[in-house]
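Now for the letters of each chain:
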Amino acid sequence: MRIYFLIFALMVSAATAAFGLERKTLYVQNATTVPSQNVAIGLADQVLGGMVVEVEGGDVSVEAMNFDIVIGVAPPVSSEDKFPDTDDITNIVMVDEKGIIVAGPIEGAAGAKNAIRFVETIIFKPGKMVYTLRGRLNDNFSAYDIVTVTTNPSSDWVTNGNVSAGDVVLNIMTVKE
């Protein structure tokens with residue numbers, strides 16, 4: 001009886017792998033290795049936040065990723081102060097641990113909701129990898145403004161796998177001149 005069960009289990013396992021029916025799961029969380037830090041105005045490749053993506057069960061294809069941006073504006077110092085919006089962040093890319101661009105560049109969209117929208121397909125391989133969002137803040141930003149990027153992969157990402165993540169808030173970045 002045990003031999004039959006073992007043979008059946010091996011046949012089911014082989015069929016599952018052959019037809020791509022394995023359970024693919026994507027876990028996403030804030031990357032503590034991409035800490036809160038100061039970011040500059042007008043310079044490319046400023047860190048906007050980082051996340052750890054862990055994949056189990058096979059490659060996971062993500063066809064769209066949306067991120068929200070919350071901008072905390074420093075108290076006005078003069079009447080000439082400007083008020084940044086999310087479209088004041090440009091040349092946004094997502095890079096892997098090796099610095100290779102995996103998505104972008106794109107421009108931020110006005111309004112905080114879905115301000116960053118990558119629409120090219122990204123293949124996440126099994127294992128754990130840190131991804132960093134980078135961009136350029138234009139001169140509508142002022143010293144001490146803060147930038148916080150958030151996403152909810154369960155609802156903001158279009159994927160062929162299961163997503164095990166709720167709201168993910170990336171570390172806060174502080175604008176310095």
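The structure reproduced in this document is the subject of the present report. (Residues numbered from 1 in each chain as written. Predicted model: local features only at pLDDT ≥ 70, side-chain atom pairs only at ≥ 80, totals over all residues. Heavy atoms only, no water.)

## Observations regarding the overall build of the protein
The condition that has to hold: In DSSP terms, a helix is any run of H or I states spanning at least four residues, a strand is any run of E spanning at least two, and both are numbered starting from the N terminus. Only protein chains enter the accessibility calculation, which uses a 1.4 Å probe; a residue is then buried when its area is under 20% of its type maximum, exposed when over 50%, and partly exposed in between. In what follows, a contact means two residues having at least one pair of non-hydrogen atoms within 4.5 Å. Calculation of accessible area relied on Shrake-Rupley with a 1.4 Å probe; when residues are assessed, cover is drawn exclusively from the protein chains displayed.
Scanning the protein from terminus to terminus reveals two helices and 14 strands. Taking all 177 residues of the protein together, the buried fraction comes to 42%. Considering only residue pairs separated by 6 or more positions, the protein has 76% of its internal contacts joining residues 24 or more positions apart. In the structure as shown, the protein presents an accessible area of about 9,600 Å², 57% of it carried by carbon and sulfur atoms.

## Here we look at unusual backbone geometry
In this chain, Gly104 is followed by Pro105 through a cis amide linkage whose omega measures 10 degrees. Although it is not a glycine, Asp45 sits at a positive phi angle of roughly 65 degrees. Tracing the backbone shows Asp45 in the loop between β2 (37–40) and β3 (46–56). You can call Asp45 partly exposed: its relative accessible area is 45%. Backbone geometry places Asn91, a non-glycine residue, at a positive phi of 50 degrees. Note on placement: Asn91 falls in strand β5 (residues 89–95).

## A closer look at the sheet that holds β3
Here is the rule: Here, a strand pair is defined by DSSP locating no fewer than two bridges between the strands. Here the axes come from fitting lines to C-alpha atoms, over the contacting stretch only for helices, and the angles between their N-to-C directions go from 0 to 180 degrees.
Pairing within the open sheet is mixed, and its six strands lie in the order β6-β5-β9-β3-β1-β12. Either end of the sheet is taken by a strand with one partner, and the two such strands are β6 (101–106) and β12 (162–164). Here the strands of the sheet are splayed against their neighbours by 20 degrees on average, with no regard to which way each runs. As defined by bridge partners, strand β1 (residues 25–30) adjoins β3 across six bridges and the pair is classed as antiparallel. By the bridge assignment for β3, Val28 is matched with Val53.

## Some thoughts on the environment of Gly111
Note on placement: Gly111 falls in the loop between β6 and β7 (116–118). Residue class for Gly111 comes out partly exposed when judged on its relative accessible area of 28%. As a C-alpha pair, Gly111 and Val70 span 41 residues in sequence and 9.1 Å in three-dimensional space. Setting aside its immediate chain neighbours within four residues, Gly111 contacts Asp85 and Thr86.

## So, the packing of aromatic side chains
The line we're drawing: Put simply, two rings from Phe, Tyr or Trp (the six-membered ring, in Trp's case) pair if the centres are within 6.5 Å, and we call them stacked under 30 degrees between planes, edge-to-face over 60, tilted for the rest.
Applying the stated rule across the entire model yields four aromatic pairs. With a centroid separation of 6.3 Å and an interplanar angle of 80 degrees, the aromatic rings of Phe67 and Phe118 are classed as edge-to-face. Remark: Phe118 occurs in strand β7 and Phe67 occurs in strand β4 (residues 60–72); sequence separation between them is 51 residues. Both residues of the pair, Phe67 and Phe118, belong to the buried class. With a centroid separation of 6.3 Å and an interplanar angle of 15 degrees, the aromatic rings of Phe124 and Trp157 are classed as stacked. Of the two residues, Phe124 is situated in strand β8 (residues 122–124) and Trp157 in strand β11 (residues 157–159); the sequence distance between them amounts to 33 residues. Side by side, Phe124 and Trp157 carry an identical accessibility label, which is buried. Aromatic rings pair up to connect Phe67, Phe118, Phe124, Tyr131 and Trp157 into one cluster.

## Observations concerning the environment of Thr90
Mapping Thr90 onto the fold places it in strand β5. Take Thr90: its relative accessible area is 18%, and that puts it in the buried class. Along the chain, Thr90 and Gly108 lie 18 residues apart, while their C-alpha atoms are 5.7 Å from each other. Residues contacting Thr90, with those up to four places away along its chain left out, are Ile106, Glu107, Gly135 and Arg136.

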